[in-house]
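Coordinate inspection notes
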Amino acid sequence: MKRFAPTCLILAIGLAQPALAQQQALPASAAPQAATTAAPDDGGLTGSVTGEGAWQDLGVAIPAFPTDNPVPTAAEGGDTAALGKSLARVVYNDLRNNGLFKPTGPDALPAIAYQQVTAPGFADWRARSAEMLVQGFVRAAPDGRLTVGCYLYDVALGSELARQGYVVQPAEWRRAAHKCADMVYSRLSGESPFFDSKIAYIAETGPKDHRRKQLAIMDSDGANHRFITNGQATALTPRYSPDYSKIAYLSYLNGNPRIYVYDIGSGTQHLVLQSRNPTFAPRWSPDGKSLLFSMAMGGNTDIYRIPATGGTPTRLTNTPGINVGGSYSPDGNRIVFESDRGGSQQIYVMNADGTGQKRISFFGGRAATPEWSPRGDQIAFTCICGNLRVAVMNPQGGAMRFLTNSWQDEAPTWAPNGRIIQFFRTEKNSGRTGIWQVDLTGQNERKLNTPVDASDPAWGPVLP
């Protein structure tokens, strides 16, 4: 039998930056193992998640994760028995909010014994019409670390599809649950994972004409929220670096713009650029060595590139009008941006060195805030078509589709796997803002909970 090498997470308490992972083997289940599938991008049970597939209506049962010995832990609930139900709830919510499966969570299912994790009662689950089964366990080590096991079973075939194990500090227990959900999602859909990732955004408080804007980060489901800046300076347009170690953002203090790079692990930041000219939207290159940004000078606003450590900017556009919002293609060869050089805001692409600039949006209305998909096959943008709506098109400007239809949805950002898009929505009349998600079908939309109003979301890559 082939053993699945589990992912293992060893995280330093209080630091957002993960340490190097260790391997942690899990015991095989008593059920026979199904044949392994190809790499996720080659398809899961049926193939592309953007089409209709049999797996999209799969009933997935997720009972509480039992423990071998209920002992106190610093994690949620106070002991490993209570934590087991919390772990299963996070897995359930990840899969439910994704909109692709029909999971049943631990609050609607009977508890299982610790021994049943590796010896499922398939007949009982078939009687409940479950097609897939996610079972797991949690154990506490003497040093306080937690081992979380996660198994995925095909109930009809009575076979084990996948298993992974994770070791985490108590403060990072949710990461183990997200990794479990990622394993299930990837094995069933054939898509790359995205639940174990983080989101940076701008937290907004205060009256409409005097907003306090702070940089904040949280998990992909809105948990583990924390503020990064204190609000004394206005923070705008954050973006994670490709290796997840840093966040670039724009800061305004007394009207003077500065581009900072914040180091997540150390909690320190360094100044990349300070200018007296209006400056906008820093964006990382795929290799993490440079940043794009826009700056107004001499009546024009152009796109520049600057080393992420600071230095002399290189101008990439030089046309009358406003050129902003550069976003690299995943291979780093092209940049998508918005420009009004033709008389209205539209989407353009150019080579990474600024050559070959051409317009690609030719539908009705205006277009802004483009961002290239991590897969490279689509560009998300804000369509100013009466209302502000999130839309996608291919890199040639064709196959345009609306994904939302509200009053003011803008600034889309992609999930690491290129399937979900996040954006912020402004409520009509009240002006309140919040972060929302929608999948590429446009049918599964939900709001993320944040402690205050929220805008300018930026989705980071999957954590190691």
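Here is a short report on the structure shown in this document. Source: prediction; values computed, not measured.

Turning our eyes to something else, we now look at the pattern of salt bridges. Two side chains of opposite charge can pair, provided their charged atoms sit close to one another. Evaluation of the coordinates by the stated rule reveals 18 salt bridges. We note a salt bridge from Arg419 to Asp439, for which the minimum N-O separation is 3.1 Å. Of this pair, Arg419 sits in the loop between β25 (409-414) and β26 (420-426) while Asp439 sits in strand β27 (residues 433-439); the two residues are 20 residues apart in sequence, bridging distant segments of the chain. One exposure class covers both Arg419 and Asp439, and it is buried. By sharing partners, the salt bridges in this structure join Glu204, Arg211, Lys213, Arg432 and Asp453 into a single network.

All right, on to the pairing of strand β14 (residues 290-297) then. Counting buried positions along β14 gives seven out of eight residues, so the element sits mostly inside the fold. Pairing analysis gives four bridges linking strand β13 (residues 279-284) to β14, with the strands arranged antiparallel. By the bridge assignment for β14, Phe280 is matched with Ser294. Here β13 folds back onto β14 in antiparallel fashion, the turn holding five residues, of which Gly288 has a positive phi close to 75 degrees.

Applying the stated criterion across every chain, the model contains 13 aromatic pairs. Where Phe122 meets Tyr153, the ring centres are 5.8 Å apart and the plane angle is 75 degrees; that geometry is what we call edge-to-face. Here Tyr153 lies in strand β4 (residues 146-154) and Phe122 lies in helix α2 (residues 122-127), a separation of 31 residues in the sequence. In terms of burial, Phe122 and Tyr153 fall into one category: buried. When the ring of Phe194 is compared with that of Trp459, the centres are 6.0 Å apart and the planes differ by 75 degrees; the resulting orientation is edge-to-face. Taken together, the positions of Phe194 in the loop between α3 (173-189) and β6 (197-205) and Trp459 in strand β29 (residues 453-462) put the pair 265 residues apart, joining distant regions of the chain. The exposure class assigned to Trp459 is buried, which follows from its relative accessible area of 9%. Three or more aromatic residues link up through ring pairs in this structure, and these residues are Phe101, Tyr185, Phe194, Phe195 and Trp459. We note Arg341 situated over the ring of Tyr348; from NZ or CZ to the ring centre the distance is 4.8 Å. The ring of Phe402 is capped by Arg389, whose NZ or CZ atom sits 3.7 Å from the centre of that ring.

Among the six residues that make up β25, six are buried, leaving the element largely enclosed by the rest of the structure. As judged from the four bridges shared by β25 and β26, these two strands associate in the antiparallel manner. In the strand pairing of β26, Thr413 is matched with Gln422. Taking the residues that link successive antiparallel strands as the turn, the β25-β26 hairpin has five residues, and the phi of Gly418 there is positive, at about 75 degrees.

Our next topic: the state of the cysteines. According to the stated counting rule, one finds two disulfides in the structure shown. Two residues, Cys150 and Cys180, share a disulfide whose sulfurs are 2.0 Å apart. Residues Cys150 and Cys180 are joined through a disulfide that is right-handed, its torsion about the S-S bond being 55 degrees. Residue Cys150 is located in strand β4, and its partner Cys180 is located in helix α3; the two are separated by 30 residues in the primary sequence. Each member of the pair Cys150 and Cys180 is classed as buried.

Take the sheet that holds β13 next. Read from one edge to the other, the open sheet built from four strands follows the order β13-β14-β15-β16, with strand pairing classed as antiparallel. Each having just a single partner strand, β13 and β16 (314-315) make up the two edges of the open sheet. Relative to β16, strand β15 (residues 300-307) runs antiparallel, the two being bridged by two bridges. Along β16, the bridge assignment pairs Tyr304 with Arg315.

So, about the side chain of Ser220. Its location among the elements puts Ser220 in the loop between β7 (212-219) and β8 (226-227). Of the residues examined, Ser220 reaches a relative accessible area of 4% and is grouped as buried. Among the polar contacts listed, one links the side chain of Ser220 to the backbone oxygen of Phe195, at a separation of 2.6 Å. With sequence-adjacent residues up to four places away left out, Ser220 is seen in contact with Phe194, Phe195, Ser197, Lys198, Ile199, Gln437, Arg446, Leu448 and Trp459.

For the pair helix α1 (residues 80-98) and α3, interaxial distance at closest approach is 9 Å and the crossing angle is 45 degrees. When the axis of α1 is compared with that of α3, the two are oblique. The element α1 and its partner α3 pack so that their crossing is right-handed. Of α3, the residues touching α1 (which contributes Leu83, Ser86, Leu87, Val90, Val91, Asp94, Leu95 and Asn98) are Trp173, Arg174, Ala177, His178, Cys180, Ala181, Val184 and Tyr185.

Calculation notes
- Residues numbered from 1 in each chain as written.
- Predicted model: local features only at pLDDT ≥ 70, side-chain atom pairs only at ≥ 80, totals over all residues.
- Heavy atoms only, no water.
- Salt bridge = Lys/Arg side-chain N within 4 Å of Asp/Glu carboxyl O.
- Helix = DSSP H or I, 4+ residues; strand = E, 2+ residues; numbered from the N terminus.
- Buried < 20%, exposed > 50% of the residue type's maximum accessible area, 1.4 Å probe, protein only.
- Pairing = 2+ DSSP bridges.
- Phe/Tyr/Trp six-rings, centres within 6.5 Å; stacked < 30°, edge-to-face > 60°.
- Lys NZ or Arg CZ within 6 Å of the ring centre and 35° of its normal.
- Disulfide = S-S within 2.5 Å.
- Polar contact = N/O pair within 3.5 Å; in protein donor to acceptor, adjacent residues only side chain to side chain.
- Contact = heavy atoms within 4.5 Å.
- Axes fitted to C-alpha atoms, helices over the stretch in contact; angles between N-to-C directions.
- Parallel < 35°, antiparallel > 145°, perpendicular 65-115°, else oblique.
- Left-handed = near helix turned anticlockwise from the far one by under 90°.

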